[in-house]
Amino acid sequence: MAGIPYYSITPCCPDLGTPTGFFNIPDALLGNDVYVYNGPAAVVNGVLFISGFCYSIEYEGLSITNYNDAPTPATYTSADKTCNFSGCAECDSIGPYLFEVYACCDSSEVVTLNLDADFTTDAVYSYDGLVPFTVGGFTFEPNSCYQITFAGVGTGTAGPDFRDFSFQGPNCFTTENCPDCPTTDQYLAFASCCSNTIVYLRPHSTSDYLEGVYEYLGTPVNGLQNICYSLTIHDVGVAPINDIAEYAALPEAPAFVEDVTFNTFSDTNTNCADYSLECPSCKKPCYTLYSCDGIFFNTTVDMSDYVGTFVSISNSDGPIAGTWYVLVNAGNCNNAIEDITVDRTSPEPCDCRCFEVTGFAKNIIYINCDGELVKTFGSAKFCAFTYPFVTGTAGQYQVTEGGKCVDGECPILCYKLSNCDTGEIIYSTLQSLSQYVTTSTVIQIAGYDGCWQVDISEEACDCPVNVIVVKEFTSCPDCLPIVAYKLTNCENSSDIKYTYQDLSLFVGEYIKTEDCGCFFVELIDFQPPSITTVVILTSFTSCPDCLRQYYALVDTCNRIEDTVYTYTDLSAYLGQIIKIQGCDTCWTVEETEVPINPGIVTVNGLAYETCEECTPPLPCLCNRMTNYSSTDKEYQYIDCNDNTINLKLGAGETSGKICVKTWVVDYPDTDNLEVFGECELTNTPDVYTCPIVTPKRKIKPGYSVPTCDTEKWENITCRSSEILYKQVMTLRYGISNCCPDEDDKWLIKKELIDLAALVDPDYVCAPVQSCGCPPSSCGCGCNSTLKTCNSQ
């Protein structure tokens, strides 16, 4: 079997104690809640149960361990999950504790007193006072033992201080440290737990008896029946057995043999009400019938011949549909049905099916495939004859029925999940996916984008993953989100278009369409009222930018420069050739709908009809190129005959002298270009050669330069010389420098080293005092011209 439910119980008022272990609550499956206790006062495991006060009860699960019994479920009512419930007694209202006290050697005199809270563990204590203590006619004798039992709260007569007592044991009959009592004959009083009948008997000569609650199991004798009794022990002389003659006339009680003649429910507590559920003898036998579909009901009709079998049943209206499994109900027989009979024909048994409960369920009850009633909670996967009965908060749990079990085990099916949008396929062995196959629904799963259709895979499960279903839909279209776009004309807000085309790259921008309209793009998630196909030319960040007319300046003459785009009004120059400020290129003006990084341009001079009118012939100059990079480079240039020539230079390699009109591909950041003047036409037609350059001077070995190392000085001087040469070529031939960005830097460096070269390295400054003037660092007196100091 699954085990016995057990609980932890915590008083809402700390003064009522804290649990020292777990509790059984007989015949109960209570939910986690705060409850008002309405039963008699009791102490269990250090917890004081007092009527009117509230206790938090937590269900801990099932256990094969039989823990101490807390009061029965009938003594609790819900406090709506809070200790602040209006029905809970106030903690500060816990009054003085009441205790029932009697001497172990004379149980006939019982007194109720107010004692310290330390006595809340029912037990035997010896009185250690030096002198007798009398209260309400009851006397505590030094060195005598007393049974002290918690009886609730209330105002009574105060008893002795707890410090005057010593703990001796749980009851008067088992303690060994108390003095022997005077020998007195005692008789037994068996009070029926089912009626007001009391049976008086003499103890069996071979048995010892303890007061408590017992079920008599033996042969009915001397008035004892097979029911529960509250057993109390009394001295002869206490009514109704007043003398030894009456004692001698009593029948002898059966010998006490546990589980043979008696079943002990308690050997300390004599209250039958606390064990009403454990005493089935007082009740008519009860049976519970469970259908394959999980329906069940109770009945007191004698079903003893059918326990553990499947039956068909009928009532006065005829046969009741379904197959029913019969079990004995040892708990409450609520709403028992009497109007049923068992049919003679035995039905087909329920199939052993696989079920899975996911999420959190407070209780799960089912008949397993061995015919046993199982109660559990939380999440579970199991085989059962009956559909499980589940309680809990709606939406926090889900029940899934799988296929038939094989040898008492759930079959492992492989499920194929196909993405509705991308066609991606994943596999899973989560058996609860079967419900989506049955209903043909589409699901969304945690950690995966999109919507997924579920089918049983006929193939082996390839890398199955554990999935969590977060939502389900009737079909892929219902699951997939609507992704559409709303286009609003930026000149007319009532001109709106809708489309399903993917415009995700243009959301929040203005697009220009083929019909010359400018529209603002928005993403929408609702069904568009109409659909339009749009052809996008380009996009802009604002409506004015979208509405502008743009122009393209195309290098149609040399076909070297990239096209320049502008929103400057060049309508007067359409189809003509112009020059713009800052550039010597000749540009043909065209209209365009797709500008790239447009800007403002200023037309420089007049428009030209032909390239020849706009572009003066380029000079053919003698060049030498050096590749100073660490990699090979590909070059391209136009020679003197307007032919395109390709050139490859390795790392650190220098070309020979070549005649070049212009470089089409070069690398100014790493190259060194040398120019040696104009090329000369030879006697052979269309053949040009570099001019012969005669060295002006020779550099002798070991020469030095001022201010810095020779390599740095030569680098700065050469760079600045090339820049000055290019400026001359610009002024002379109109050839523009394509990379002027760093010209100023190199010219400034040249000026700095030239200034530094003016300093006399042999001049030493010495301060002098002259004409009453302050000392001068670089002069010979007042008003004298300062000389340049040696710069370090």
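Overview of the structure. Only a predicted model underlies this, so the values are computations on that prediction, with no experimental measurement involved. (Residues numbered from 1 in each chain as written. Predicted model: local features only at pLDDT ≥ 70, side-chain atom pairs only at ≥ 80, totals over all residues. Heavy atoms only, no water.)

**Comments concerning the overall build of the chain**
For step 1, the next point in the chain: Helix and strand counts for the chain come out as 7 helices and 54 strands.
For step 2, the next point in the chain: Computed over C-alpha atoms, the radius of gyration of the chain comes to 54 Å, more than 25% over the 28 Å expected from 2.2 N^0.38 for 792 residues, which places it beyond the range of a compact globule.
For step 3, the next point in the chain: When the backbone C-alpha atoms are referred to their principal axes, the chain occupies close to 165 × 100 × 55 Å.
For step 4, the next point in the chain: Accessible area for the chain stands at about 43,600 Å²; split by element, carbon and sulfur atoms hold 51% of it.
For step 5, the next point in the chain: Charged side chains of the chain number 36 positive and 102 negative; the gap between the two group centres comes to 25 Å. (Helix = DSSP H or I, 4+ residues; strand = E, 2+ residues; numbered from the N terminus. Rg over C-alpha atoms; globule rule 2.2 N^0.38 Å. Areas by Shrake-Rupley, 256 points an atom, 1.4 Å probe, with all protein chains shown as cover. Lys, Arg positive; Asp, Glu negative; His and termini not counted. Charge placed at Lys NZ, Arg CZ, Asp CG, Glu CD.)

**Quick notes on empty space enclosed by the protein**
For step 1, the next point in the chain: Taken as a whole and judged by the stated rule, the model has 3 cavities of 30 Å³ or more.
For step 2, the next point in the chain: Estimated volume of the largest cavity: approximately 50 Å³.
For step 3, the next point in the chain: Taken together, Tyr-290, Gly-294, Phe-296, Ile-365, Tyr-366, Ile-367, Thr-386, Tyr-387 and Phe-389 make up the full set of residues lining the largest cavity.
For step 4, the next point in the chain: If you tally residues by element for the lining of the largest cavity, the top one is strand S28 (residues 363–367), at 3 residues. (1 Å grid on protein atoms, 1.4 Å probe; cavity = no way out; pocket = protein on both sides within 12 Å on 5 of 7 lines; lining within 4 Å. Points joined across faces, edges and corners; volume = space filled by probe spheres on them.)

**So, helix H7 (residues 743–757)**
For step 1, the next point in the chain: With 15 residues, H7 should cover 21 Å at 1.5 Å per step; its first-to-last C-alpha distance of 21 Å lies within 8% of that length.
For step 2, the next point in the chain: Restricting attention to buried positions, one finds in H7 the residues Asp-743, Trp-746, Leu-747, Lys-750 and Ile-753. Burial along H7 is one-sided: seen end-on, the buried residues are contained in an arc of 125°. Exposed side of H7, more than 90 degrees from the buried face: Asp-744, Glu-751, Leu-752 and Leu-755 are the residues found there. (Expected span 1.5 Å × (residues − 1). Buried < 20%, exposed > 50% of the residue type's maximum accessible area, 1.4 Å probe, protein only. Arc of directions from axis to C-beta.)

**What about the state of the cysteines?**
For step 1, the next point in the chain: Evaluation of the coordinates by the stated rule reveals 22 disulfides.
For step 2, the next point in the chain: Two residues, Cys-286 and Cys-333, share a disulfide whose sulfurs are 2.0 Å apart. Taking the sign of the S-S torsion, 75° for the link of Cys-286 and Cys-333, the bridge is right-handed. With Cys-286 in the loop between strand S21 (262–266) and strand S22 (287–291) and Cys-333 in the loop between strand S25 (318–328) and strand S26 (341–342), this residue pair connects regions lying 47 residues apart in the sequence.
For step 3, the next point in the chain: Judged by relative accessible area, which is 27%, Cys-333 ranks as partly exposed. (Disulfide = S-S within 2.5 Å.)

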